[in-house]
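Here's the letter readout for the chains.
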Amino acid sequence: MNLHSSVKRKLGEDKGYVFDKRLRYNVRQNESNCRFRDIVVRKEEGFTHVLLSSQTSDNNALTPEIMKEVCRALGNAAADDSKLLLLSAVGSVFCSGLDPSYLIGRLSTDRRKESSRIADAVRDFVLAFIHFKKPIVVAINGPALGLGASILPLCDVVWASERAWFQTPCAALRLTPSGCSSYTFPQILGVALTNEMLFCGRKLTAQEACSRGLVSQVFWPTTFNQEVMLRVKEMATCSAMVLEESKCLVRSILKSVLEEVNEKECQMLKQLWCSTKGLDALFSYLQNKVYDN
Amino acid sequence: MNLHSSVKRKLGEDKGYVFDKRLRYNVRQNESNCRFRDIVVRKEEGFTHVLLSSQTSDNNALTPEIMKEVCRALGNAAADDSKLLLLSAVGSVFCSGLDPSYLIGRLSTDRRKESSRIADAVRDFVLAFIHFKKPIVVAINGPALGLGASILPLCDVVWASERAWFQTPCAALRLTPSGCSSYTFPQILGVALTNEMLFCGRKLTAQEACSRGLVSQVFWPTTFNQEVMLRVKEMATCSAMVLEESKCLVRSILKSVLEEVNEKECQMLKQLWCSTKGLDALFSYLQNKVYDN
Amino acid sequence: MNLHSSVKRKLGEDKGYVFDKRLRYNVRQNESNCRFRDIVVRKEEGFTHVLLSSQTSDNNALTPEIMKEVCRALGNAAADDSKLLLLSAVGSVFCSGLDPSYLIGRLSTDRRKESSRIADAVRDFVLAFIHFKKPIVVAINGPALGLGASILPLCDVVWASERAWFQTPCAALRLTPSGCSSYTFPQILGVALTNEMLFCGRKLTAQEACSRGLVSQVFWPTTFNQEVMLRVKEMATCSAMVLEESKCLVRSILKSVLEEVNEKECQMLKQLWCSTKGLDALFSYLQNKVYDN
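Residues numbered from 1 in each chain as written. Chains lettered and ligands numbered in written order. Predicted model: local features only at pLDDT ≥ 70, side-chain atom pairs only at ≥ 80, totals over all residues. Heavy atoms only, no water.

Undergrad: Can you help me understand the overall build of chain A in this one?
TA: Of the regular secondary structure elements, chain A holds 11 helices and nine strands. Carbon and sulfur atoms make up 51% of the accessible area of chain A, which totals about 11400 Å². (Helix = DSSP H or I, 4+ residues; strand = E, 2+ residues; numbered from the N terminus. Areas by Shrake-Rupley, 256 points an atom, 1.4 Å probe, with all protein chains shown as cover.)

Okay, structure coming up:
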């Protein structure tokens, strides 16, 4: 337990950004979002706004419970009259990926059962993005790490604040790629940069991510939210049919490939977490992060 | 009728460029090109030069008749002894895509019949590019919009003048993607930028298009034509067999995918133009453009 | 014979770089590398280092014999306990592709037999990269031409010195694409730039190759080797299982496509070298290079 909290603190400090909870938006809680604990859902004129705002993890890290809340919100937005979905985050971090302290805690209690449960949660979370039929606009306010970066190519329009950066340090964290990034990242960034991110933990700045195509436009942090809102509201005036059919044309050809890749990636994670070797590597890495300094 | 001409005028003014017919090249009319009305075809040493030079539409907008002329020119060039095809345009606009006033005029007379006829013409036009076996070099002198931008990835070498820019504002125009751009644009520009172009009408400058891979080189406007001619003549000294076989290697693996995508895209356009809802959205958009100002 | 040496000299001078054999590294010959003549293989802590260092061709040009040595080194590295492979070159040129004087010499003796033998050697060389399961890091110290550039997308991390540049002047050399570049280059660089490289001999600087995704990072020449070594040693501390499984996820979906493309490309080369027309074009080009000046 003590280990976990020190791992968490260490990971936080390492990333070199401040987590000032006071900076978090004062989120209006209304009846439509009070059913969620770690995300906020706002029904706006023509679109649904989902904000990551985790109360149960640091830095909007993902746990199976949080991923399930996102899936539920996507399910609701798919069925209502909104034309598109805006995904963003409360705080200074967009999403730090799978929560490492959660992984350690759970996998050390019941490796076999927990590795299945967590990998299945990742699979369903990623599937929810693959299957969502309305356009998803994602606004990246700050660091997007691991699974938090991997899912971006499954969204349709990706805007970033100058403060955003992107990292998928799989090999260093003793993890294999997830979120279909083993397929989408090489398509967008090329194999060389993808592998440098996976194997060497290469960080991409917002500008680099934009020039390589992961992000389509970068905005100034102070006006980021206004710029995004302006454009999303404009998009929401388009014909719902044209938006959905255009997305369908762009995406349908890849859907079965992405499903297959997602399945493979999650199988691999499960296998890794189940194996003594894979798990030991993960544990020793995280312990080294704490004691090594 | 009055509506149509005001729509046309409005669209022209909106685009913010001048259509000085006097700037058009003095095109030598010889027997090989006098069979065409809206394009000019010149047989040069080792290559065929096709120029969009529409007399029946503004800004080199495309109508089924013009697209058929291009198909016919491509058919001729496929059969003759030229090694490659150069596609460019007369005037200050490369191609403004499907002619909106033509669409309104025809679809309001006989929606069912005309939607089929126009969609079929688009399909055959795009197929002609997919099936053309010799390299196509395209020289973009100015704005390339809608279908005029979508077909660029079906060409083999794409050079642009600094004055060129690119836009596929499908959602704003109440249209779905065409020219296989729902497949080729995400491959080249990434999904995020593709969708920002489709959904938000994002314009790409020549330099942006070059840095993202849609265009391979940008030239200064004053020397653009010379630079292109120099390079095309150099290319035309290559072995015809090597040119054709190299293109075949690069393209053959994608041919069936592109055929399928083209079919789907045109089906969607037909369906959209046939539906009261889709047509009303298109009409109201174009009327708003006129009266809204 | 006289022709061949003058062709060789001319090609060397044309490329505008110096081949000072004295600049070549003083390569320590130990028992593990003494079995190779044109490459050097060093077993390092956690990785295998293969250096192109051709004694039988100029500018690290490739012959069937040299390609077979590389295949053998890859086979050894696949079986030993190294976690990854580093590929680099001795001298100021990374690799100048298929040796043109070798091609002329052999194809003029027995066209039918030699075209098969050389094309098969190319096929097996490329297959060795496609099938290699551990990550390959490639460090490009200088010019990478033809097949020497084509194989880069089959490697996993591609780092280049500021002095590197890239060219695949297939059409000018009367050759068709090889090394799967007819598939991988359009994926990474877009069709337009790929074709400009194939058809017009467009050169890419290290920075251009990096901004387009062929290379993931460019380093200063004076510290290039240290920077690469630092990163490779860091990578070699990762879990071997994670490295191999991550590569498998990124690559497995493309393996059968690449095999098919490689087969087609080599069939085409064989056919070209077998045909009087194709061979004459190649010969006359190389002779022109010599006498034309």
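Undergrad: Got a minute to help me understand the relation of the copies chain B and chain C in this structure?
TA: In summary, the two copies of the chain are related to each other by a rotation about an axis coupled with a shift along it. Between the two copies, chain B and chain C, the superposition gives an RMSD of 0.0 Å; the rotation angle is 120° and the shift along the axis is 0.0 Å. The superposition of one copy onto the other is thereby described by a three-fold rotation axis. The overlap is low: 3% of the interface residues of chain B also sit at the interface in chain C, so different surfaces are used on the two sides. (Least-squares fit on C-alpha atoms with pLDDT ≥ 70 in both. Contact = heavy atoms within 4.5 Å.)

Undergrad: I keep staring at the sheet that holds strand β9 (residues 217-219) of chain C and nothing clicks. Help me out?
TA: Remark on secondary structure: sheet strands pair via backbone hydrogen bonds, oriented parallel or antiparallel. Residue and element names in this part refer to chain C. Across the sheet, six strands lie side by side as β1-β2-β3-β4-β6-β9; this open sheet has mixed pairing. Here the strands that pair on one side only, and so sit at the sheet edges, are β1 (39-44) and β9. Across this sheet, the average inter-strand angle for adjacent strands is 20°, counted without regard to direction. Alignment of strand β6 (residues 157-161) against β9, held across three bridges, turns out to be parallel. Residue pairing for β9: Ala 160 is matched across the bridge by Val 218. Packed on one face of the sheet, helix α2 (residues 64-79) meets β1, β2 (47-52) and β3 (84-89) and runs near 10° to β1. (Pairing = 2+ DSSP bridges. Axes fitted to C-alpha atoms, helices over the stretch in contact; angles between N-to-C directions.)

Undergrad: Is there a simple way to think about the interface of chain B and chain C in this case?
TA: How big an interface is tends to be stated in terms of accessible area lost as the parts join. Counting residues at the interface gives 31 residues for chain B, matched by 30 residues for chain C. Both faces considered, chain B and chain C share a buried interface measuring about 2400 Å² in area, 67% of it formed by carbon and sulfur atoms. Contact with chain C buries area across many residues of chain B, yet Leu 249, Val 250 and Ile 253 of chain B alone supply 25% of it, more than any other trio. Where chain B touches chain C, the interface holds zero salt bridges. Linking chain B with chain C are eight residue pairs in polar contact (both at pLDDT 80 or more), by the criterion used here. When residues of the side of chain B that touches chain C are traced back to their parent elements, those giving at least two are β6 (157-161), α6 (181-189), α8 (206-212) and α10 (240-274) of chain B. Considering each element in turn, the side of chain B that touches chain C owes the most residues, 11 residues, to α10 of chain B. (Buried area = accessible area lost by both parts, 1.4 Å probe. Salt bridge = Lys/Arg side-chain N within 4 Å of Asp/Glu carboxyl O. Polar contact = N/O pair within 3.5 Å; in protein donor to acceptor, adjacent residues only side chain to side chain.)

Undergrad: Quick question: what am I supposed to make of the sheet that holds strand β6 (residues 157-161) of chain A here?
TA: All names here are of chain A. Judged by pairing direction, the sheet is mixed, and its six strands sit side by side in the order β1-β2-β3-β4-β6-β9 without closing on themselves. If you trace the sheet from one side to the other, it starts and ends with β1 (39-44) and β9 (217-219), each paired once. Between one strand and the next, the sheet's axes are offset by a mean angle of 20°, whatever the strand orientation. Where helix α9 (residues 224-235) meets the sheet, it contacts β2 (47-52), β3 (84-89), β4 (136-140), β6 and β9, and its direction lies at approximately 160° from that of β6.

Undergrad: How do you make sense of the packing of helix α6 (residues 181-189) of chain A against helix α7 (residues 191-200) of chain A when you look at a structure like this?
TA: Helix packing geometry: the angle between the two helix axes and the distance between the axes. Residue and element names in this part refer to chain A. Two elements in contact, α6 and α7, have axes separated by 7 Å at closest approach and are oriented at 130°. Overall, the two elements α6 and α7 adopt an arrangement that is oblique. In contact with Phe 185, Pro 186 and Leu 189 of α6, α7 contributes Val 191, Leu 193, Thr 194 and Met 197. Looking at side-chain class alone, the contact of α6 with α7 contains six nonpolar, one polar and no charged residues. (Parallel < 35°, antiparallel > 145°, perpendicular 65-115°, else oblique. Nonpolar A, V, L, I, M, F, W, Y, C, P; charged D, E, K, R; others polar.)

Undergrad: What am I meant to see in the packing of helix α3 (residues 100-109) of chain A against helix α4 (residues 111-131) of chain A here?
TA: All names here are of chain A. Their axes nearest at 6 Å, the elements α3 and α4 cross at an angle of 135°. Put simply, α3 runs oblique to α4. Where α3 abuts α4, its residues Tyr 102, Leu 103, Arg 106, Leu 107 and Thr 109 lie against Arg 111, Glu 114, Ser 115, Arg 117 and Ile 118. Per-class residue counts for the contact of α3 with α4 are four nonpolar, two polar and four charged.

Undergrad: I'm lost on the pattern of salt bridges in this one. Help?
TA: The full count for this structure, using the stated rule, is 45 salt bridges over all chains. For Glu 114 of chain B, the salt bridge is made with Arg 117 of chain B, and the minimal N-O distance between the two is 3.0 Å. On the criterion of helical spacing, the pair formed by Glu 114 of chain B and Arg 117 of chain B is a turn pair, its members being three residues apart in helix α4 (residues 111-131). Among the ionic pairs, Asp 81 of chain C bridges to Lys 43 of chain C, the shortest N-O distance being 3.1 Å. Note that Asp 81 of chain C is positioned in the loop between α2 and β3 and Lys 43 of chain C in strand β1, a separation of 38 residues in sequence. One connected set of salt bridges, linked through shared partners, spans Glu 65, Arg 106, Glu 114 and Arg 117 of chain A.

Undergrad: Would you take a moment to explain the interface of chain A and chain C for this structure?
TA: With 31 residues of chain A in contact, the opposing surface of chain C contributes 31 residues. Summed over both sides, the interface between chain A and chain C buries roughly 2400 Å², with carbon and sulfur atoms accounting for 67% of that surface. At the boundary of chain A with chain C, the tally comes to zero salt bridges. Among the elements that make up the side of chain A that touches chain C, the one with the highest residue count is α7 of chain A (eight residues).

Undergrad: How do you make sense of the environment of Phe 125 of chain A when you look at a structure like this?
TA: All names here are of chain A. The residue Phe 125 is located in helix α4 in this model. Spatially, the C-alpha atoms of Phe 125 and Ile 151 are 9.5 Å apart, while their sequence positions differ by 26 residues. Phe 125 has contacts with Leu 62, Met 67, Val 70, Cys 71, Leu 147 and Ile 151, leaving out every residue within four places of it along the chain.

Undergrad: Looking at this structure, I do not really get the pairing of strand β1 (residues 39-44) of chain B. What am I missing?
TA: Every other side chain in a regular strand lies on the same face of the sheet, so the side chains alternate between the two faces. All names here are of chain B. Pairing between β1 and strand β2 (residues 47-52): six bridges, direction antiparallel. Within β2, the position partnered with Glu 44 by the bridge is Phe 47. In sequence, β1 turns back onto β2 through a hairpin of two residues, with Gly 46 there showing a positive phi of about 90°.

Undergrad: Can you walk me through helix α9 (residues 224-235) of chain C in this structure?
TA: Each full turn of the α-helix corresponds to 3.6 residues, which orients residues three or four apart in the same direction. All names here are of chain C. Between its first and last C-alpha atoms α9 spans 17 Å; for 12 residues at 1.5 Å apiece the expected length is 16 Å, and the two agree. Buried within α9 we find Phe 224, Val 228, Val 232 and Met 235. Angular distribution of buried residues about the axis of α9 spans 55°; they occupy a single face of the element. Exposed side chains of α9 directed beyond 90 degrees from the buried face belong to Gln 226, Leu 230 and Glu 234. (Expected span 1.5 Å × (residues − 1). Buried < 20%, exposed > 50% of the residue type's maximum accessible area, 1.4 Å probe, protein only. Arc of directions from axis to C-beta.)

Undergrad: Mind showing me how you'd approach the packing of aromatic side chains here?
TA: Each pair of aromatic rings is reported with the distance of its centres and the angle of its planes. All names here are of chain A. Under the criterion given, the structure shown has nine aromatic pairs over all chains. Pairing Phe 125 with Phe 129 gives two aromatic rings, centres 5.2 Å apart and planes at 75°, and the pair type is edge-to-face. Of this pair, Phe 125 and Phe 129 are both found in helix α4, four residues apart, which corresponds to roughly one turn of the helix. Here the two residues Phe 125 and Phe 129 agree in accessibility, since each one is buried. Their ring planes at 80° and their centres at 6.2 Å tell us that Trp 159 and Phe 219 sit as a pair that is edge-to-face. Of the two residues, Trp 159 is situated in strand β6 and Phe 219 in strand β9; the sequence distance between them amounts to 60 residues. You'll find Trp 159 and Phe 219 in the same group, each marked buried. Members of the aromatic cluster, joined through ring pairs, are Trp 159, Phe 219 and Phe 224. (Phe/Tyr/Trp six-rings, centres within 6.5 Å; stacked < 30°, edge-to-face > 60°.)

Undergrad: Is there a simple way to explain unusual backbone geometry in this structure?
TA: Residues other than glycine predominantly adopt negative phi, and peptide bonds predominantly adopt the trans conformation. With phi around 50°, Asn 60 of chain A is a residue other than glycine that occupies positive phi space. When you line up the elements, Asn 60 of chain A lands in the loop between β2 and α2 (64-79). According to the relative accessible area criterion, Asn 60 of chain A is buried, its value standing at 2%. Of note in the backbone geometry, Cys 180 of chain C takes a positive phi value of approximately 70° without being a glycine. Take Cys 180 of chain C: it is sitting in the loop between β7 (165-167) and α6 (181-189).

Undergrad: Where do I start with α6 of chain C in this structure?
TA: Counted residue by residue, α6 of chain C has nine buried out of nine residues, so it is predominantly covered. Along α6 of chain C, the residues that are buried comprise Ser 181, Ser 182, Tyr 183, Thr 184, Phe 185, Pro 186, Gln 187, Ile 188 and Leu 189 of chain C.

Undergrad: When you look at the relation of the copies chain A and chain C in this model, what are you seeing that I'm missing?
TA: After a rotation of 120° and a shift along the axis of 0.0 Å, chain A superposes on chain C with an RMSD of 0.0 Å. In this assembly the copies use different faces: only 3% of the residues contributing to the interface of chain A also contribute to that of chain C.

Undergrad: What exactly am I supposed to notice about the confidence of the model for chain A here?
TA: Caution is warranted with low-pLDDT regions, since their predicted coordinates should not be read in detail. Residue and element names in this part refer to chain A. Model confidence for chain A is summarised by a mean pLDDT of 87, while 86% of its residues fall at 70 or above. Every residue in residues 1-33 scores below 50 in pLDDT, and together they form 50 contacts with partners more than four places removed in sequence or on other chains. At the level of chain-chain contacts, confidence expressed as ipTM amounts to 0.86, with global pTM at 0.87. (pLDDT = per-residue confidence, 0-100.)

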